[in-house]
Each structure stands twice: as structure tokens, then as C-alpha cells.
Amino acid sequence: MNAAVSTGIFGAFMVLTVVLGLLAVRRKGAEKGRPAGLSEWSVGGRSLGTVFIWVLMAGESYTSFSYLGAAGWGYNSGAPVLYVLAYMSCGYALGYVVGPMLWAYARRHGLVGITDMIAHRYRAPWLGAAVALLATVCLLPYIQLQITGMGVVVSTISYGAISIDWAYFLGFAVTTGFVVISGLRGSAWVSVLKDVLVIGTLGFLAVYVPLHYFDGYGPFLDRLVAEKPQWLTFPGHDSGGLGQVWFVTTTLVNSLTVVIFPTTVAGYLGARNAEALRRNALYLPFYNVLLFVPMLLGMAALFVVPGLTGADSDLALFKMVVDSLPAWAVGLVGVAAALSSIVPMAVFMLVIGTMWGRSVLGAIPRLNKGAAGAASGDGGGGAAGGRQKLWSQLVVVVAGALALLLTYTAPDTLVRLSLISYEGMAQLVPMMLLGLVWRRLTLHAAVSGLVAGFTLVCVLVFGGHDPVWGMNAGIVSLAVNVVVALAVTWLGPRAADERPDAEVLALDDEFPRDGVPSRGGRLSPPASS
């Protein structure tokens with residue numbers, strides 16, 4: 001009976017998820033009265049307001065990690081898990097400046113992602129394709145991790161009635177179904193449902209678990225301090241030496257990375273105006289307060305379900321939920337956790353599809369024969385935009401299917417790649433951000449820095465040297481990246497670039513507070529879009 005109730009609730013919400021995604025694109029299509037192009041599909045037609053941007057980008061911080069990994073880290077190690085709160089809050093502060101800058105640059109030139117921006121900045125379409133390949137390597141593990149997380153959640157909340165393999169497939173099918181059709185706008189609509197459930201379930205658990213198991217926070221915290229003090233200080237319990245230096249360097253490199261992460265940039269570019277992004281940067285840290293809940297409840301599980309090891313420790317929170325709550329409540333908590341996998345998975349898949357549809361397949365002339373303007377930077381309009389959208393949707397299905405297949409057959413392949421995902425993406429920071437504010441950074445310098453940084457981070461991480469000297473390997477590699485880029489800029493060849501600054505750089509007048517250029521700049525995309 002418990003399995004039937006919780007599974008029924010889960011199934012009803014999965015149907016609702018697909019319906020919301022379909023309604024999002026149907027309503028927008030009715031408003032416009034014409035088929036949506038790549039820009040509408042990939043960045044929501046650059047028309048999402050503050051609320052939709054807030055819930056969409058909050059989905060980046062509330063993945064299956066919130067219910068599984070955060071609780072598991074709290075259970076296993078304790079204090080080091082707080083790096084998540086630190087880097088996200090610092091990243092939002094940086095996003096207050098970076099978000100409007102990237103939004104305006106992309107809008108001015110009709111661009112739809114980071115590979116587009118890089119190809120435009122350095123006048124090198126091949127570089128956009130290369131970055132798309134690198135970013136795909138770094139993003140695919142996140143799709144696999146969300147599939148895995150959803151599988152674990154669904155199997156647990158169904159009391160074993162749904163096998164973990166079927167749960168993997170359900171996550172892939174539901175996500176692919178609505179993201180292929182509705183794109184970023186559908187993800188934003190589903191994020192509203194997800195956030196209502198996340199806030200409600202975590203708020204409830206924050207009160208219920210301490211009262212049910214410990215008679216309140218006072219007795220719980222007293223017991224934690226008395227019996228598990230090593231969980232409350234750095235480097236935590238059995239964390240492998242994740243001390244204060246690691247915490248600071250990880251916070252720094254991750255806060256820099258998160259503002260140029262492809263999925264974050266997709267959120268930026270979907271905004272209606274720059275002011276929506278500034279308000280979003282102010283509001284998002286409040287959402288992060290909820291992340292304390294699974295972290296703290298993970299430590300509470302030390303006393304309720306002691307002795308969990310390995311992957312079972314990630315289920316610390318859910319073991320308490322299944323043990324003490326009625327089936328309908330277990331179902332709701334499970335739906336919130338499942339949607340926390342589906343929404344970010346959808347954005348990861350959409351971003352990979354956009355990068356390949358636009359910068360790789362969309363840049364091959366013979367694949368786009370007859371679609372005029374394929375290389376004109378049309379931002380997704382016309383025949384070229386329609387063809388690129390089709391390629392992007394196809395890549396979404398392929399990327400999701402590949403992640404699902406590897407989840408079944410060789411899960412360790414993507415798990416190993418996930419070790420360098422964030423540190424690897426960090427190596428794009430100089431090429432992306434420094435290049436948009438400093439004209440002297442050359443193509444040769446940016447590429448040399450990227451190659452040096454990415455190579456070093458692979459050597460350090462896969463060689464078992466992370467942390468290195470107590471520091472995050474990503475920050476060490478990023479420092480080498482910057483040094484190499486600066487050295488090649490000053491000592492290497494300087495290719496002439498006759499374009500004006502407004503064509504190359506993200507200038508101050510591109511992102512004024514009211515969204516209107518202050519010195520005659522043009523924020524609207526080209527007429528062909």
C-alpha cells in the first residue's frame with residue numbers, strides 16, 4: 001500500500017511536469033503566431049522576467065545533490081560541505097556584474113551561448129567548436145549524475161517497487177520529452193513547480209526531523225557537539241585533509257567558474273533585461289539558506305541511521321524520511337528531489353544541444369545547405385536558425401541517451417570525468433571574461449592558456465594530487481593558465497583586428513541599468529533575428 005501511494009503521487013507529478021513543459025511552448029507559440037527558432041528554444045526568446053530567471057537559476061543550486069550529496073557530505077565529513085554555500089553566494093555577487101555584461105554582449109551580436117561568444121570575440125568558429133567539445137566532456141557527467149540521483153531517489157521512495165534501472169530511464173524520458181519540445185522556457189515553468197515543492201519539503205523537514213528524533217534543535221545540537229565535534233571543524237571527519245586553505249581556494253575557483261558555466265550563461269541570456277539579472281543576483285542567496293537543511297539533517301542521521309558507508313551514506317536523509325513519514329509525504333519529498341534532478345538535467349542537455357547545433361553542426365556548410373545566414377550571427381532566426389534548432393534538438397536526445405547508456409554499462413567512465421568538470425570549466429575563465437574586457441588578449445594567448453591550464457588540472461586530478469599543497473587543483477591550474485596567457489600576449493604574435501571596440505569587447509554602455517544604451521550603443525539583435 002505504501003509503495004502504491006508514493007508511486008502514484010510520483011507518477012502524477014511526472015505527468016504534470018511534461019504538461020507544464022508543453023503548455024509553456026504552446027502559450028508562447030500562440031502569442032507569437034509563428035514557429036520558434038533557436039533563440040526562442042535555447043534562451044527563451046530573451047524574454048524571461050525576474051521570477052522565471054530566479055527559479056530557473058535556483059535550479060542550478062538545487063539538484064539531486066541537495067537531497068543526496070549535501071546530506072551525504074554532512075553525514076561523512078561535516079564542515080567541508082559548507083563550501084557549496086560559500087562559492088554559490090560569492091558567485092551570485094560576481095554574477096551581479098558578469099551576468100548583465102554577458103547578456104548585453106550576446107544580445108548586441110545575436111549570440112546564444114558561450115561557444116558563440118568565444119567564436120565571435122576571437123573571430124574563430126573552430127575555437128567555438130573546440131570549446132563545445134571540451135564543455136560537453138565536462139557537462140555529460142552532470143547529466144549522468146542527475147540520472148543516477150533520480151534513480152536512487154525514485155527507487156527509495158517507491159519502497160523498491162520501481163527498480164533503479166527503470167528509474168534511470170524515467171528520468172531520461174521525462175526530461176528529454178519536455179526539453180526537446182519546450183526548451184529553456186519549459187525548464188523555467190517546471191522550475192516553479194520544483195521550487196514550491198523544494199521549499200515546502202525542506203522547510204517541513206527542517207522542523208520535523210529534530211522534533212521527531214531529538215525533541216528539538218537544542219538537544220540535537222548539544223548531542224552533536226558532545227559526541228561528534230570533529231564534524232563541526234575543518235578538515236571535518238575523515239575528509240582527506242579538506243582544511244581552511246582548500247575551502248578558500250575551492251570557494252574562489254568555483255565562484256569564478258559558476259558565472260561562466262554554460263548552464264548559468266543560458267540563464268543569463270534568457271533574461272528580459274539586465275535589471276532582471278541584477279535583482280536575481282540579490283535574491284538568489286536567500287534561496288541558499290535552504291541548503292543548510294540537508295547538510296544539517298545529514299549530521300542528524302549520524303544518530304538515527306548510524307554506520308552507513310559508501311554510496312549508502314548519500315541516502316542518509318531519505319532513510320529517515322522513509323522510516324518516519326507516511327507514504328504520501330514520502331512521495332512528495334521524492335517528487336521534490338526528482339524534480340531537482342530533472343530541471344538541471346534539462347538545462348545541461350539543452351546547453352549541450354545548443355553548443356553543438358550552433359557552433360559545431362550549425363557551422364558546417366554542407367549540413368546547412370539552403371539555410372541562408374548560417375554564419376551570419378542571426379541569433380537563431382530564419383532558415384538558419386530553424387536548421388540549427390533541429391540539430392540542437394537531435395543532439396539533446398543523443399547526449400541524454402549517451403549518458404543513460406553509460407549509466408547502465410560503464411558508470412565509472414563519467415564519474416571519473418566528473419572529477420575535472422568544475423576545475424576543467426574554470427580554465428575558460430580567462431578566455432571568456434578577460435577576453436571580453438581586455439582587447440590585447442590574443443587568440444594564441446587565450447588558447448595557450450586554456451591548453452596549459454586544462455592539461456595541468458587533468459594531470460593533478462587524475463594523478464591523485466588534488467588538493468595540491470592544501471589548495472584546490474583548479475585554482476593552481478587557473479593561475480598557470482593566466483600566466484601563460486599573459487606571457488603569450490606580451491611575447492607572442494599580435495594578429496591585427498580592425499574591428500572597433502564595440503564589436504570585440506563588452507563595454508560599459510552595453511549594460512546600463514535600464515537596458516537602454518547610454519552612449520548610442522545598440523542592444524537589439526540584428527534585424528535578421
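Everything below is about the structure shown above.
Residues numbered from 1 in each chain as written. Predicted model: local features only at pLDDT ≥ 70, side-chain atom pairs only at ≥ 80, totals over all residues. Heavy atoms only, no water.

**Some thoughts on helix 11 (residues 244-258)**
Logical step 1: Look at helix 11: 21 Å from first C-alpha to last across 15 residues, which is about the 21 Å you get at 1.5 Å a residue.
Logical step 2: Packing partners of the buried residues in helix 11 comprise helix 5 (69-76), helix 6 (83-109), helix 12 (262-269), helix 19 (421-426), helix 20 (429-437) and helix 22 (473-491). (Helix = DSSP H or I, 4+ residues; strand = E, 2+ residues; numbered from the N terminus. Expected span 1.5 Å × (residues − 1). Contact = heavy atoms within 4.5 Å.)

**Some points on the packing of aromatic side chains**
Logical step 1: Taken as a whole and assessed by the stated rule, the structure comprises 17 aromatic pairs.
Logical step 2: Their ring planes at 50 degrees and their centres at 5.5 Å tell us that Trp-73 and Tyr-83 sit as a pair that is tilted. Residue Trp-73 is found in helix 5, and its partner Tyr-83 is found in helix 6; the two are separated by 10 residues along the sequence.
Logical step 3: For Trp-73, a relative accessible area of 27% translates into the label partly exposed.
Logical step 4: You can call Tyr-83 buried: its relative accessible area is 15%.
Logical step 5: Both rings, one in Tyr-83 and one in Trp-246, keep their centres 5.4 Å apart while their planes meet at 70 degrees; by these two values the pair is edge-to-face. Of the two residues, Tyr-83 is situated in helix 6 and Trp-246 in helix 11; the sequence distance between them amounts to 163 residues. Each member of the pair, Tyr-83 as well as Trp-246, carries the same accessibility label: buried. (Phe/Tyr/Trp six-rings, centres within 6.5 Å; stacked < 30°, edge-to-face > 60°. Buried < 20%, exposed > 50% of the residue type's maximum accessible area, 1.4 Å probe, protein only.)

**Concerning empty space enclosed by the protein**
Logical step 1: Inspection of the entire model under this criterion finds 1 cavity of 30 Å³ or more.
Logical step 2: Here the largest cavity defines a volume of roughly 90 Å³.
Logical step 3: Lining the largest cavity are 13 residues, and of these Val-112, Gly-113, Pro-262, Ala-266 and Val-351 lie nearest its centre.
Logical step 4: If you list the elements that add at least two residues to the lining of the largest cavity, you get helix 2 (38-43), helix 12 and helix 16 (327-360).
Logical step 5: Class assignment of the residues belonging to the lining of the largest cavity gives a composition of 10 nonpolar, 3 polar and no charged. (1 Å grid on protein atoms, 1.4 Å probe; cavity = no way out; pocket = protein on both sides within 12 Å on 5 of 7 lines; lining within 4 Å. Points joined across faces, edges and corners; volume = space filled by probe spheres on them. Nonpolar A, V, L, I, M, F, W, Y, C, P; charged D, E, K, R; others polar.)

**Quick look at the pattern of salt bridges**
Logical step 1: All chains considered together, the criterion is met by 8 salt bridges.
Logical step 2: For Glu-498, the salt bridge goes to Arg-123, with nearest N and O atoms at 3.0 Å. Taken together, the residues span a long stretch of sequence, with Glu-498 in the loop between helix 22 and helix 23 (501-504) and Arg-123 in the loop between helix 7 (114-122) and helix 8 (125-157) at a distance of 375 residues.
Logical step 3: Measuring nitrogen to oxygen at the nearest pair gives 2.7 Å for the salt bridge that ties Asp-501 to Arg-439. Here the residue Asp-501 occupies a position in helix 23, and Arg-439 occupies one in the loop between helix 20 and helix 21 (443-462), the gap between them amounting to 62 residues.
Logical step 4: Residue classification places Asp-501 among the partly exposed residues on the basis of a relative accessible area of 39%.
Logical step 5: Overall, the relative accessible area of 28% leaves Arg-439 in the partly exposed class.
Logical step 6: Taken together, the shared-partner salt bridges in this structure form one network comprising Arg-123, Asp-497, Glu-498 and Arg-499. (Salt bridge = Lys/Arg side-chain N within 4 Å of Asp/Glu carboxyl O.)

**Structural notes on the state of the cysteines**
Logical step 1: A complete count under the given rule lists 0 disulfides for this structure.
Logical step 2: Left unpaired, Cys-138 is separated from the closest cysteine sulfur, that of Cys-458, by 8.1 Å. (Disulfide = S-S within 2.5 Å.)

**Comments concerning the nonpolar core**
Logical step 1: Membership of the largest hydrophobic core comes to 168 residues, with the highest contact counts inside it found for Tyr-67, Leu-102, Met-117, Ile-143, Phe-318, Leu-428 and Met-431.
Logical step 2: Setting aside chain neighbours within four positions, we find Met-431 in contact with Ile-118, Tyr-122, Leu-127, Val-131, Leu-441, Ala-446, Val-447 and Leu-450. (Core = buried A, V, L, I, M, F, W, Y, C linked by side-chain atoms within 4.5 Å.)

**A short note on the side chain of Thr-136**
Logical step 1: Looking at the element boundaries, Thr-136 is found in helix 8.
Logical step 2: Among the polar contacts listed, one links the side chain of Thr-136 to the backbone oxygen of Ala-132, at a separation of 2.7 Å.
Logical step 3: In this structure, Thr-136 is in contact with Pro-141, Ile-352, Met-355 and Trp-356, ignoring residues within four places of it in sequence. (Polar contact = N/O pair within 3.5 Å; in protein donor to acceptor, adjacent residues only side chain to side chain.)

**Section: the packing of helix 9 (residues 164-214) against helix 16**
In a packed pair of helices, the relevant descriptors are the angle between the two axes and the axis-to-axis distance.
Logical step 1: Relative to each other, helix 9 and helix 16 sit at 140 degrees, their axes nearing to 6 Å. For the crossing formed where helix 9 meets helix 16, the hand is left-handed.
Logical step 2: When the residues that make up the contact of helix 9 with helix 16 are grouped by side-chain class, the tally is 21 nonpolar, 8 polar and 1 charged. (Axes fitted to C-alpha atoms, helices over the stretch in contact; angles between N-to-C directions. Left-handed = near helix turned anticlockwise from the far one by under 90°.)

All we've got here are geometric facts, nothing functional implied.
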